[in-house]
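Below are the chains, spelled out letter by letter.
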2 protein chains.
Amino acid sequence: MPGKIEANFILTDCGELLTMAGGRLSPRRAADLSRLKIINGCSVAALDGIIVWVGADPEAQVTLQPGSVELSARGRLVSPGLVDAHTHPVFAATRELEFEMRALGKSYAEIAAAGGGIVSSVKALRAADHQQLVNLALPRLDTMLKFGTTTVEAKSGYGLSVDDEIKMLEVIAALAERHVLDLVPTVLAGHEFPPEYRDDHGGYVRLITAEILPAVAERKLAEFSDVFYEQGVFNREQARTVQQKARELGLQLKFHVDQLTNQEGASLAAEMGAISADHLEYVSSDGIAALAVAGTFGVLLPGAGYFLDMPQRPPVRQMIEAGVPLALATDCNPGSCMSESMQLMMNLACVTYKMTPAEAFCAATTNAAWSIGRGDRLGSVEIGQQADLVVWDADNYRQVPYHFGVNLVRRVIKKGRVVA
Amino acid sequence: MPGKIEANFILTDCGELLTMAGGRLSPRRAADLSRLKIINGCSVAALDGIIVWVGADPEAQVTLQPGSVELSARGRLVSPGLVDAHTHPVFAATRELEFEMRALGKSYAEIAAAGGGIVSSVKALRAADHQQLVNLALPRLDTMLKFGTTTVEAKSGYGLSVDDEIKMLEVIAALAERHVLDLVPTVLAGHEFPPEYRDDHGGYVRLITAEILPAVAERKLAEFSDVFYEQGVFNREQARTVQQKARELGLQLKFHVDQLTNQEGASLAAEMGAISADHLEYVSSDGIAALAVAGTFGVLLPGAGYFLDMPQRPPVRQMIEAGVPLALATDCNPGSCMSESMQLMMNLACVTYKMTPAEAFCAATTNAAWSIGRGDRLGSVEIGQQADLVVWDADNYRQVPYHFGVNLVRRVIKKGRVVA
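A.B. asks: So what exactly am I meant to see when it comes to the pattern of salt bridges here?
C.D. replies: Where side chains of opposite charge bring their charged atoms close, a pairing between them can arise. All names here are of chain A. Considering all chains together, one arrives at 40 salt bridges over all chains under this definition. Residues Glu237 and Arg240 are paired through a salt bridge, measuring 3.4 Å at the closest nitrogen-oxygen approach. With a gap of three residues between them, Glu237 and Arg240 both fall in helix α8 (residues 236-248), about one helical turn apart. Taking the relative accessible area as the measure of exposure, Glu237 reaches 47% and is therefore partly exposed. Among the charged side chains, a salt-bridge network with shared partners connects Arg126, Asp164, Lys167 and Glu196.

Following this line, the structure appears as structure tokens:
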């Protein structure tokens, strides 16, 4: 029929559709966290995984190819698939004993000093082979998907040697190949100093710049380079040295900053043109201003602040008012946030950061996508974007962060296929 | 075969079985929160829903009747079904707008003053009929079950008139009839003052004692009577008057106390011989001593403290050291804790109350059962108890509170039947 749009996927009867429309052309609009752009009572059509039409009258406007997938939301809430912008999903051992130690009053620093912490994950990861690590990570990705996440940033950082960082990033590549989730890889060689360089931090920084990053870049195993800039971990000059090299090699930059103490890490991230500065519990007013000017995303990890029961919360309202674009992520990792659920992160953001449900949804979809370089292809429901959608067991979007600790996902659609 | 035990249900290959054994004969042992009594590598057999055998060699010791249910835990963690000791699962409308108001900085009191709070649930409940309320509550019970809860205490308290409290308790009775969960009903006529008695608190107390409680008792619709003793709600004398009448009518007592301010509510609960005092954020040292002497359970509701982002946490370690038996519950309700997940409550208890994983498991199973008068028939895995079990996607019990925001339940067994 002339004028009709051809499709092979359609989701009809969306009661409330959060489109997040209008932001896909530029990340600069991400500073506005209230842009849900709701359409009530509509349908979404896709062709080969790309959205081709959003509207109210599919029968008049869409031609479905034979064998198309047709699904009804039955009046439920529909949103873009959730995007988890900061995770460490590849690890060899859970760390529930540390969780118990914290309940008994031990601090993060005390646990690290007792042989726990990141270094314990390094030892376990080095002892595991590729296939073991893939097998351990797959169920975590399954859980993410089941809870509504359709795209995940995934970091290395438990290898901390040339071979083990490559091994970890190859595991992430294998997961991306095998799993329906989109994975976006980040090299985090500067996550901690490995035991063999405990007394030679300069030597490890040289290993990163001279060997690890070049090997990763040559194999095209990462899009981003990240570093943990914090008291007792990488200092400002070490972080800068690592990231300068990464930038020369064509990697975009992310930073773990201002999590446990203020180090003016946000300013360093902004100054180096990082795409995101993550954590930010102790960010200063200067740091906030620098992020806003640079357009660097703040990636908030409320699950880690909660799990570690940190007294300090990031100054989220101040960041929003200053125009810092914000994203949410789980920080999924065995030490400081053993959770795959972006739903719970949205709840934590509302409860502990006083974000509104609208802000939380924006930060968990289109903004999270922009913070990992994917805003122009996913995170919103508009023509040209990937057909990544969640149908919720909810009437309206506020119910998702409100109704917590359970799973409100009814259906997950990835690239126009029903996958959960 | 002589000497063999007859069964029609068996769960084999439990990797780690939390039996909680030894406490079923007396609630007085509940003050010891470390009594997991783990058995590694065993099986559990039941006959007609009652556990008849726990041991290592079922082939030698158990005879299975034809048509028996046989299930393997495949080396996974197995625990008693979780018991949720304090919930308000019957309501007509969710209150996500209040959730948003809190994110925007409004207090619980401001929201109540603006027509929100318990009174808004009263209006919605009064407008709904029996069948609507049943239909709305059933999926909540399904979610509880799916997340590992097998027994639930359920309160009235949104009716606040003779007819509407009866209606609510009849809904709870209908749910108990229809749903596989065990429901334990509590009348909470003293939850708030209804609008028509806003200026006649004495009149409403008289309505409770002269009409509501006698009507409930006559119809045998509740086992427990509860009252919200708090500044601005029921005062000490009103709470005492309500509960004296309840006790005369043969109901056991529960109290909402010391949640928002210290009112020495725990002492009143202990003095009146209550089975439990719930909330307890502001309980005093005197209150703690009184609970310990009386053997009154403290029922902790970490989800409500979290959801309301309360600055004050209950003095949990002090209570444990004083010998107060503690239980955990969701407080599932639309205003102050919209969650059905006891898994998340165990995590919250460890993170925010510094309970150990062992203490959290004890408080969510055998102790919770005792706090609602069921410890002698469920909450532990020992001969004579109901075969209510959870098979977890976990190797050991610490992983359950540690790995949060998701659902680690693999299988739920209720009275020897696989129900989830």
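So that's the structure; there's more coming.
A.B. asks: How should helix α5 (residues 130-146) of chain B be read in this particular structure?
C.D. replies: Because the α-helix completes a turn every 3.6 residues, residues three or four places apart line up on one side. Residue and element names in this part refer to chain B. The terminal C-alpha atoms of α5 lie 25 Å apart, and with 17 residues this matches the ideal 24 Å at 1.5 Å per residue to within 8%. Along α5, the residues classified as buried are Leu133, Val134, Ala137, Leu138, Arg140, Leu141, Thr143, Met144 and Leu145. Check the buried side of α5 and you find it contacts β6 (82-84), α4 (118-127), β7 (149-155), α6 (162-178), β8 (182-190) and β15 (409-414). The N-cap of α5, judged by a side-chain oxygen 3.2 Å from the amide nitrogen of Gln131 a few residues on, is Asp129. The first or second residue beyond α5 is Gly148, which carries a positive phi of 105°.

A.B. asks: Which parts of the structure should I look at to understand the sheet that holds strand β9 (residues 224-229) of chain A?
C.D. replies: Where strands meet in a sheet, backbone hydrogen bonds hold them as pairs that are either parallel or antiparallel. Residue and element names in this part refer to chain A. The sheet built from eight strands is open, its strands ordered β6-β7-β8-β9-β10-β11-β12-β13 with parallel pairing. Either end of the sheet is taken by a strand with one partner, and the two such strands are β6 (82-84) and β13 (326-328). Looking at each pair of strands side by side, their axes are set apart by 25° on average, direction ignored. Bridge analysis of strand β8 (residues 182-190) against β9 gives three bridges, and the strand direction is parallel. Paired with Gly190 across the strands is Val227, a residue of β9.

A.B. asks: Looking at this model, I keep getting lost on the domain arrangement of chain A. Mind explaining?
C.D. replies: Accessible area lost when the parts come together is the quantity often used to give the size of an interface. Residue and element names in this part refer to chain A. Here the domain parsing of chain A yields domain 1 (5-80 + 378-418) and domain 2 (82-370). Summarising the inter-unit geometry, the C-alpha centres of domain 1 and domain 2 are found 29 Å apart. Contacts between the two partners involve 39 residues from domain 1 and, on the opposite side, 36 residues from domain 2. With both sides pooled, the region where domain 1 packs onto domain 2 buries about 2800 Å², and carbon together with sulfur makes up 67% of that total. In terms of surface lost to domain 2, no three residues of domain 1 exceed Leu33, Pro401 and Lys414, which account for 25% of the buried area on that side. The interface formed by domain 1 and domain 2 holds two salt bridges in total. Where Asp182 meets Lys415, a salt bridge forms, and the shortest distance between an N and an O atom there is 3.3 Å.

A.B. asks: Before we go on, may I ask you to explain the relation of the copies chain A and chain B in this structure?
C.D. replies: In this structure, two copies of a chain are linked by a rotation about an axis accompanied by a shift along it. For the pair chain A and chain B, the best superposition has an RMSD of 0.0 Å and corresponds to a rotation of 180° with a translation of 0.0 Å parallel to the axis. Here the two chains are linked by the operation of a two-fold rotation axis. When C-alpha distances to the rotation axis are compared across chain A, the minimum falls at A:Gly405, with a value of 2.5 Å. Interface residue correspondence from chain A to chain B reaches 100%, placing this contact among same-surface, isologous pairings.

A.B. asks: Would you mind going over the packing of aromatic side chains with me for this structure?
C.D. replies: For any pair of aromatic rings, the description rests on two quantities: the centre-to-centre distance and the angle between the ring planes. Inspection of the entire model under this criterion finds 23 aromatic pairs over all chains. Residues A:Phe307 and B:Phe404 carry aromatic rings whose centres are separated by 5.1 Å and whose planes lie at 15° to one another, so their mutual orientation is stacked. Highlighted residues: A:Phe307 in helix α11 (residues 302-307) and B:Phe404 in the loop between α16 (399-402) and β15, drawn from two different chains. Grouping residues by exposure puts A:Phe307 and B:Phe404 together as buried. Seen in terms of ring centroids, A:Phe361 and A:Tyr397 are 6.4 Å apart; in terms of plane orientation they differ by 80°. Their pairing is edge-to-face. Of the two residues, A:Phe361 is situated in helix α14 (residues 357-363) and A:Tyr397 in the loop between β14 (389-392) and α16 (399-402); the sequence distance between them amounts to 36 residues. Side by side, A:Phe361 and A:Tyr397 carry an identical accessibility label, which is buried. Three or more aromatic residues joined by ring pairs make a cluster, and in this case those are A:Phe99, A:Tyr306, A:Phe307, A:Tyr402, A:Phe404, B:Phe99, B:Tyr306, B:Phe307, B:Tyr402 and B:Phe404. Its guanidinium or amino end placed over the ring of A:Phe91, A:Arg140 lies 3.5 Å from that ring's centre, counting from NZ or CZ.

A.B. asks: Looking at this structure, how should I read the confidence of the model for chain A?
C.D. replies: For residues with low pLDDT, the predicted coordinates do not support detailed interpretation. Here chain A averages 96 in pLDDT, while 100% of its residues score no lower than 70. For this predicted complex, the interface confidence score (ipTM) comes to 0.97, while the overall pTM stands at 0.97.

A.B. asks: How should I be thinking about the pairing of strand β12 (residues 297-300) of chain A in this particular structure?
C.D. replies: Each regular strand shows side chains that alternate between the opposite faces of the sheet. All names here are of chain A. Of the two faces of β12, the one holding Phe297 and Val299 and the one holding Gly298 and Leu300 are both buried throughout. Relative to β12, strand β11 (residues 276-279) is paired through three bridges, and the arrangement is parallel. The residue bridging Ser276 from the neighbouring strand is Phe297, located in β12. Taking the sense of rotation as the criterion, the β-α-β connection linking β11, helix α10 (residues 285-294) and β12 turns out right-handed. Pairing between β12 and β13: three bridges, direction parallel. Bridging from a neighbouring strand, Gly298 pairs with Leu326 of β13.

A.B. asks: What's the story with α6(B) in this structure? I'm lost.
C.D. replies: Relative to the 24 Å expected for 17 residues at 1.5 Å per residue, α6(B) spans 24 Å between its end C-alpha atoms, a close match to the ideal helical length. Check the buried side of α6(B) and you find it contacts α4, α5, β7, β8 and α7 (201-218) of chain B.

A.B. asks: Help me understand the layout of surface pockets in this model?
C.D. replies: In this approach a probe as big as a water molecule rolls over the atoms, and the regions it shows empty are the leftover space. Counted as a void, the largest pocket has a volume near 960 Å³. Forming the walls of the largest pocket are 38 residues, and the residues nearest its centre are A:Thr143, B:Asp393, B:His403, B:Asn407 and B:Leu408. For the lining of the largest pocket, the secondary structure elements donating two or more residues are α5 (130-146) and β15 (409-414) of chain A together with α16 and β15 of chain B. No other element matches the seven residues that α5(A) contributes to the lining of the largest pocket.

Conventions used here
Residues numbered from 1 in each chain as written. Chains lettered and ligands numbered in written order. Predicted model: local features only at pLDDT ≥ 70, side-chain atom pairs only at ≥ 80, totals over all residues. Heavy atoms only, no water. Salt bridge = Lys/Arg side-chain N within 4 Å of Asp/Glu carboxyl O. Helix = DSSP H or I, 4+ residues; strand = E, 2+ residues; numbered from the N terminus. Buried < 20%, exposed > 50% of the residue type's maximum accessible area, 1.4 Å probe, protein only. Expected span 1.5 Å × (residues − 1). Contact = heavy atoms within 4.5 Å. Polar contact = N/O pair within 3.5 Å; in protein donor to acceptor, adjacent residues only side chain to side chain. Pairing = 2+ DSSP bridges. Axes fitted to C-alpha atoms, helices over the stretch in contact; angles between N-to-C directions. Domains from an automatic or database assignment. Buried area = accessible area lost by both parts, 1.4 Å probe. Least-squares fit on C-alpha atoms with pLDDT ≥ 70 in both. Phe/Tyr/Trp six-rings, centres within 6.5 Å; stacked < 30°, edge-to-face > 60°. Lys NZ or Arg CZ within 6 Å of the ring centre and 35° of its normal. pLDDT = per-residue confidence, 0-100. Right-handed = clockwise from strand over helix to strand, strands pointing away. 1 Å grid on protein atoms, 1.4 Å probe; cavity = no way out; pocket = protein on both sides within 12 Å on 5 of 7 lines; lining within 4 Å. Points joined across faces, edges and corners; volume = space filled by probe spheres on them.

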